[in-house]
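Secondary and tertiary structure notes
This is what each chain is made of:
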Amino acid sequence: MPVVSISLRVLAGAIISVLTVSGCQTLDDAGRVIGRADLVNDLAARLDRSNELTYSADYQLPGGQNASISQSQDPLRAAYTYPGGKLTVTTDATTACDTSTRKPTCTLTAPPPANAKPSVTIFADMNKRGLVTPPVVVGLLTAAALDPDATIRQYDTTVAGRHATCVEVDQLSDAPAAGFDACITSEGALGSFTGTVDGTELEVALRRYRDAVESSAFELPAGAGLIDRRAGAGQQTPA
């Protein structure tokens, strides 16, 4: 599967088995007592369902910068655009583009095998450029759920006109972030995120969500130099 994702159903199930006996509880907006595992499982399930959707999400970053996540099911592909870079994942290749210079450069590598976990380095580069991705948020939620000293507060809000469930996490240890605030919409899109991940301060807010994707979202930057590192391919650099 070329879309950058992880198997959240398996992950959520593992969390439930560990946390069912933890006794950590909170309250939802209806006043019901819910367990920490229930909260994480619900958010993980929403993110998991988003992998089956076709959608475009535009995000506002600090300093007036923008980012976007686009995903299509037919054909199956995904694109992440962020300050200074762009990543596209298709059945043909994983293409990472550096757009921070006057002449963009794109490096093509083999597409990920079906159901494979995404490359950690890909997401780390996006974090440094200001875009936090759903798999990173899921990893932080997992760390919070498994940390008995972490505090988790749930609340609901509206992001870009859409309902979202949020968690505010503090006192998190052995994780890329000591604390964070994340919201996920009912559709399963990342609604917002605030936190410091691996030393980089991140602040992402959903600006617009659409149940459709323009084909141009997956196009490489105009005039980009290409470096093809797929097996059997030669390097190409257009003039």
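Residues numbered from 1 in each chain as written. Predicted model: local features only at pLDDT ≥ 70, side-chain atom pairs only at ≥ 80, totals over all residues. Heavy atoms only, no water.

Quick look at the overall build of the protein
Of regular secondary structure, the protein possesses four helices and 14 strands. A total of 239 residues make up the protein; the buried ones form 45% of that total. Pairs at least 24 apart in sequence give 52% of the contacts found in the protein among residues at least 6 apart. Accessible surface computed for the protein: about 11,600 Å², of which carbon and sulfur atoms make up 51%. (Helix = DSSP H or I, 4+ residues; strand = E, 2+ residues; numbered from the N terminus. Buried < 20%, exposed > 50% of the residue type's maximum accessible area, 1.4 Å probe, protein only. Contact = heavy atoms within 4.5 Å. Areas by Shrake-Rupley, 256 points an atom, 1.4 Å probe, with all protein chains shown as cover.)

Side note on the side chain of S72
Among the secondary structure elements, S72 is positioned in strand β4 (residues 66-73). You can call S72 buried: its relative accessible area is 8%. In terms of polar contacts, S72 uses its side chain to reach the backbone carbonyl oxygen of P75, at 3.0 Å. When near neighbours in sequence (up to four residues on either side) are disregarded, S72 contacts T54, R77 and F218. (Polar contact = N/O pair within 3.5 Å; in protein donor to acceptor, adjacent residues only side chain to side chain.)

Observations regarding the side chain of Q71
Structurally, the position occupied by Q71 is in strand β4. On the basis of relative accessible area, Q71 is assigned to the buried category, the value being 4%. Within the structure, Q71 has its side chain in polar contact with the backbone oxygen of L53 (distance 2.9 Å).

Details of the state of the cysteines
Enumeration according to the criterion identifies two disulfides in this entry. Each sulfur of the disulfide joining C97 and C106 lies 2.1 Å from the other. Taking the sign of the S-S torsion, 110° for the link of C97 and C106, the bridge is right-handed. A single burial state applies to C97 and to C106, both of which are buried. For C166, the disulfide goes to C183, at an S-S distance of 2.0 Å. (Disulfide = S-S within 2.5 Å.)

So, the environment of A67
Positionally, A67 belongs in strand β4. For A67, a relative accessible area of 5% corresponds to the buried category. Through-space distance from the C-alpha of A67 to that of Y80 is 7.5 Å; in sequence the pair is 13 residues apart. Other than its neighbours up to four places away in sequence, A67 contacts A57, D58, Y59, L61, T81, Y82 and L131.

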